[in-house]
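Chain by chain, the residues:
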Amino acid sequence: MKDLADGIKAEAWRLGLNLAGITDPAVGVPTTFYTDWLAQGYHAEMDYLARPDAVAKRADPRRIMPEIRSILVVGMDYYPADCPPAEALVGRVSRYAWGADYHELMLERLEQLASWIDRQMARPLTYRAYVDTGPLLERALAHQAGLGWIGKNTNLVHPDHGSYFFLGELLLDLDLEPDTPWSEDRCGSCTACLDACPTGALVAPHTLDARRCISYLTVEHRGAIPEALRPLLADRVFGCDICQEVCPWNRRFARPTDEPGLQPLHPTLDLLELLELDEDAFRARFRETPLWRARRAGLLRNAAVVLGNLGNPAAIPSLEVARSDPNPLVAEHAAWAMEQIRAR
């Protein structure tokens, strides 16, 4: 099946998927680190990561699809450009969320690839496609498929692409020749990512405490942001790229993508405009983008925190209105922001 495996990778590249590798699900995925990470509570409030059935599926993907014989792991570069210069009353967005919803973009490519594979066969193909949507340890699978090593910042790093890429998988009922797992950790003695993390979320090399991570707090977290951590968000209104920005592999190899579906739409956000959005306006503006993940309350909460950090008195009128928002999460963070500005 080597010829078919090579053909699948070539088609993946033709479809705009920059990385492609194959691993054998029968090998299993080492999960001791993962279960220890869960035991420490580092997954914060993402309880779906700790469900026993999900943990079992991550350890053995054959529990997801019994017919599985191979896993194709693909990567798509998304680095859009350097961050625009800081502006007054504007918040920064993590690069992965600058464009349209990457889930739909990558799933479409995976479906096209599955159709191509099906046409090469004498029988119907059985498969499942995932992009951040299934109980899979994606980075571990990518490592086993030879796509790179897991860096000290917990991101997968490829020597020619850095770490700015999305991952996706096709679970296939085909016996394909697997690639050799990546054998080197090329982070070496570098600790740039650990040193740069403003909240100390990287508690050790390769270990992230989501409870302190700006990306978690501004995207996945549904409650109040701890007051001690709010100033550390600085001007980051959605996500954080610091541990990737300082990585030497990205500084050397990250190049802007020419993928049309990933061109910048929201590299920054006008914070006062955000505070004016009701549910309908929020849906209309962000429904087809990664920013939808934070929901209206989360994004307005973040906007209030960033305004408090920026300390510009021009934000007071908008924060005064937001302090009366029907959602108490927005109201509380707006009140906090006003206190920060007036204290200056």
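Please read these numbers as outputs of a predicted model, since none were measured by experiment.

**Student:** Break down the overall build of the protein chain for me, with residues and values.
**Tutor:** In terms of regular secondary structure, the protein chain is built from 14 helices and 11 strands. A globule of 344 residues ought to have a C-alpha radius of gyration of about 20 Å, and the protein chain, at 21 Å, matches this closely. If you line up the protein chain on its principal axes, its C-alpha atoms span 70 × 40 × 40 Å. Burial analysis of the protein chain (344 residues in total) assigns 55% to the buried set. Of the contacts made within the protein chain by residues no fewer than 6 positions apart, 75% connect residues no fewer than 24 positions apart. Looking at the protein chain as shown, the accessible area adds up to about 15,300 Å², and 51% of this sits on carbon and sulfur atoms. The average position of the 36 basic charges and that of the 48 acidic charges among the side chains of the protein chain differ by 3 Å.

**Student:** So what's going on with the pairing of strand S3 (residues 90–93)? Residues and values would help.
**Tutor:** Pairing between S3 and strand S11 (residues 268–270): 3 bridges, direction antiparallel. Residue pairing for S11: Gly91 is matched across the bridge by Leu269. Pairing geometry for S3 and strand S10 (residues 236–238), over 2 bridges, is parallel. Across the sheet, Val93 pairs through a bridge with Phe238, a residue of S10.

**Student:** Before we move on, could you go through the layout of surface pockets and cite the residues and values that matter?
**Tutor:** As a volume, the second largest pocket reaches approximately 180 Å³. Lining the second largest pocket we find 15 residues, and of these Asn18, Asp77, Arg255, Pro256 and Thr257 sit closest to its centre. Along the lines of polarity and charge, the residues of the lining of the second largest pocket split into 6 nonpolar, 4 polar and 5 charged.

**Student:** Tell me what's going on with empty space enclosed by the protein, and back it up with residues and numbers.
**Tutor:** If a probe the size of a water molecule is rolled over the atoms, the empty space left behind becomes visible. For the structure shown, the criterion picks out 3 cavities of 30 Å³ or more. By volume, the largest cavity is sized at about 70 Å³. In terms of lining residues, the largest cavity is bounded by Cys83, Arg92, Val93, Ser94, Arg236, Phe238, Gly239, Cys240, Asp241 and Glu245. Contributions of two or more residues to the lining of the largest cavity are made by S3 and S10. Looking at the lining of the largest cavity, its residues break down into 4 nonpolar, 2 polar and 4 charged.

**Student:** I'd love a proper account of the sheet that holds strand S2 (residues 70–77), names of residues and values included.
**Tutor:** The 4 strands lie next to each other as S1-S2-S7-S4, forming an open sheet whose pairing is antiparallel. In this open sheet, the two edge strands, each paired with only one partner strand, are strand S1 (19–23) and strand S4 (127–130). Adjacent strand axes in the sheet meet at a mean angle of 20° when their direction is disregarded. Strand contacts of helix H1 (residues 2–14): S1 and S2, with the helix running at about 150° to S1, the strand carrying the most contacts. Contacts from helix H4 (residues 102–119) reach S2, S4 and strand S7 (165–172) within the one sheet, and its direction differs from that of S7 by about 35°.

**Student:** Got a sec to walk through unusual backbone geometry? Specific residues and values, please.
**Tutor:** For Asp132, which is not glycine, the phi torsion reads 60° and is therefore positive. Structurally, Asp132 can be placed in the loop between S4 and helix H5 (138–144). We classify Asp132 as partly exposed; its relative accessible area is 41%. We note that His206 has phi near 75°; this positive angle belongs to a residue other than glycine. With respect to the helices and strands, His206 occurs in the loop between strand S8 (202–204) and strand S9 (207–208).

**Student:** Describe helix H14 (residues 328–343), and please don't skip the residues or the numbers.
**Tutor:** The terminal C-alpha atoms of H14 lie 23 Å apart, and with 16 residues this matches the ideal 22 Å at 1.5 Å per residue to within 8%. Within the span of H14, buried status applies to Leu329, Val330, Ala331, His333, Ala334, Trp336, Ala337, Met338 and Ile341. The inward-facing, buried residues of H14 abut helix H12 (295–310) and helix H13 (316–322). Here H14 starts with a cap whose side-chain oxygen sits 2.9 Å from the backbone nitrogen of Leu329, and that cap is Asn327.

**Student:** Now, about the environment of Glu332: what can you tell me, with residues and values included?
**Tutor:** With respect to the secondary-structure elements, Glu332 resides in helix H14. Once the C-alpha coordinates of Glu332 and Pro267 are considered, the two residues, 65 residues apart in sequence, prove to be 26 Å apart. Ignoring sequence-local partners within four residues, the contact set of Glu332 consists of Ala224, Glu227 and Arg230.

Each value, and the rule that gives it
- Residues numbered from 1 in each chain as written.
- Predicted model: local features only at pLDDT ≥ 70, side-chain atom pairs only at ≥ 80, totals over all residues.
- Heavy atoms only, no water.
- Helix = DSSP H or I, 4+ residues; strand = E, 2+ residues; numbered from the N terminus.
- Rg over C-alpha atoms; globule rule 2.2 N^0.38 Å.
- Buried < 20%, exposed > 50% of the residue type's maximum accessible area, 1.4 Å probe, protein only.
- Contact = heavy atoms within 4.5 Å.
- Areas by Shrake-Rupley, 256 points an atom, 1.4 Å probe, with all protein chains shown as cover.
- Lys, Arg positive; Asp, Glu negative; His and termini not counted.
- Charge placed at Lys NZ, Arg CZ, Asp CG, Glu CD.
- Pairing = 2+ DSSP bridges.
- 1 Å grid on protein atoms, 1.4 Å probe; cavity = no way out; pocket = protein on both sides within 12 Å on 5 of 7 lines; lining within 4 Å.
- Points joined across faces, edges and corners; volume = space filled by probe spheres on them.
- Nonpolar A, V, L, I, M, F, W, Y, C, P; charged D, E, K, R; others polar.
- Axes fitted to C-alpha atoms, helices over the stretch in contact; angles between N-to-C directions.
- Expected span 1.5 Å × (residues − 1).
- Polar contact = N/O pair within 3.5 Å; in protein donor to acceptor, adjacent residues only side chain to side chain.

Purely geometric numbers; function is a separate question.
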